[in-house]
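# What the coordinates show
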Amino acid sequence: MLNSPKKYDRESLFAAASVATASLPTLPPGEEIYDIMPPQGLQYPWWELVVQTLLVVAIFYLLWLFYCWLTMPVVRERKPVVQSPKKQAQRAIARLKLSPVWQQRQLKEICEIFASILKTYAREGFGIGIGAAATTDEFMAGLRGRVMKEVVSEAGELLMICDQIKYCGLERHEKTPEDLLKMLEKLIVKEEWQK
């Protein structure tokens, strides 16, 4: 039968297979099929989940630390610039010359700045007065007896002109801002501040 050149069609093969299956002997009652395991209960992988969660948290924490490190401002050590009071006064005068106050000839503001520069110079350089906050009378009382009379008279003249412009509203004066500036520069470079 196997050697016959007869072609089998699909239906005849299916019929032969069902006959062969039906001819198997049935299992006797009460017998078990070996090699088939009963259903096994699987535990949830809690430890794996905990380890993976901790790993993800650690990675995000490290990324956050890296981000904080990247965005942290750079701390630069600033060295204080120590300048002499004379140099500070000269720089203040240079800033005044470049300011719009000087360009627009705002005489009242110019006089306020002149008085402030002179009083600050005396305070920082020689410990005279309380600085820019001192009135003219307080400043002049501090000058008398501590510096040469020539400095006292020149400082008094400069501050008197500035006070007339600031407080009396004097619009024009025989001294121009350039003249007042020369007086201030001359006072700053004078050596007679100390007796």
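Above this text sits the structure in question.
Attention here is on the structure that accompanies the text. (Residues numbered from 1 in each chain as written. Predicted model: local features only at pLDDT ≥ 70, side-chain atom pairs only at ≥ 80, totals over all residues. Heavy atoms only, no water.)

What follows is about the overall build of the chain. Broken down by element type, the chain carries eight helices and zero strands. Listed N to C, the secondary structure of the chain is α-α-α-α-α-α-α-α in terms of helices and strands. Residue burial in the chain is summarised as follows: out of 195 residues, 24% are buried. Within the chain, contacts between residues separated by at least 24 positions form 61% of all contacts whose residues are at least 6 apart in sequence. For the chain, the accessible area works out to roughly 15900 Å², and carbon and sulfur atoms hold 61% of it. (Helix = DSSP H or I, 4+ residues; strand = E, 2+ residues; numbered from the N terminus. Buried < 20%, exposed > 50% of the residue type's maximum accessible area, 1.4 Å probe, protein only. Contact = heavy atoms within 4.5 Å. Areas by Shrake-Rupley, 256 points an atom, 1.4 Å probe, with all protein chains shown as cover.)

On to a nonpolar patch on the surface. A cluster of nonpolar side chains, namely L55, V56, I59, F60 and L63, defines an oily patch on the protein surface of about 500 Å² accessible area. Structurally, I59 is set in helix α2 (residues 46–71). (Patch = residues over 30% accessible without salt bridge, like charges linked within 9 Å, V, L, I, M, F, W, Y side chains within 5 Å. Salt bridge = Lys/Arg side-chain N within 4 Å of Asp/Glu carboxyl O.)

Despite not being glycine, R105 has its phi angle at roughly 55°, a positive value. Position of R105 among the secondary structure elements: in the loop between α4 (100–103) and α5 (107–126). You can call R105 partly exposed: its relative accessible area is 41%.

Counted according to the given criterion, the structure contains six salt bridges. The residue E154 makes a salt bridge to K186 at a minimum N-O spacing of 3.8 Å. Within this pair, whereas E154 is found in helix α7 (residues 149–167), its partner K186 is found in helix α8 (residues 177–189), the two being separated by 32 residues in sequence. In this structure E154 comes out as buried when scored by relative accessible area, which is 14%. In this structure, the salt-bridge partner of K190 is E154, at a minimum N-O distance of 3.5 Å. Taken together, the residues span a long stretch of sequence, with K190 in the segment after α8 and E154 in helix α7 at a distance of 36 residues. Relative accessible area serves as the criterion here: at 11%, K190 is assigned to the buried category. One salt-bridge network, in which partners are shared between bridges, spans E150, E154, K186 and K190.

Listed in full, the buried residues belonging to helix α6 (residues 136–143) are T136, F139, M140 and L143. End-on, the buried residues of α6 take up no more than an arc of 95°, which puts them together on one face. Set apart from the buried face of α6 by more than 90 degrees, the exposed residues are D137 and A141. Where α6 is buried, its residues touch α5 and α7. Taken from the residues just after α6, G145 is the one with a positive phi, measuring 90°. (Arc of directions from axis to C-beta.)

A few words on the environment of R105. A C-alpha to C-alpha distance of 9.9 Å links R105 and T176, two positions 71 residues apart in sequence. Setting aside its immediate chain neighbours within four residues, R105 contacts I110, P177 and E178.

Over its 20 residues, α5 extends 28 Å from the first C-alpha to the last, a length consistent with the 28 Å expected when each residue adds 1.5 Å. Inspection of α5 places L107, I110, C111, F114, A115, I117, L118, K119, Y121 and A122 among the buried residues, and these make up the whole buried set. The secondary structure elements touched by the buried residues of α5 are α3 (85–98), α4, α6, α7 and α8. (Expected span 1.5 Å × (residues − 1).)

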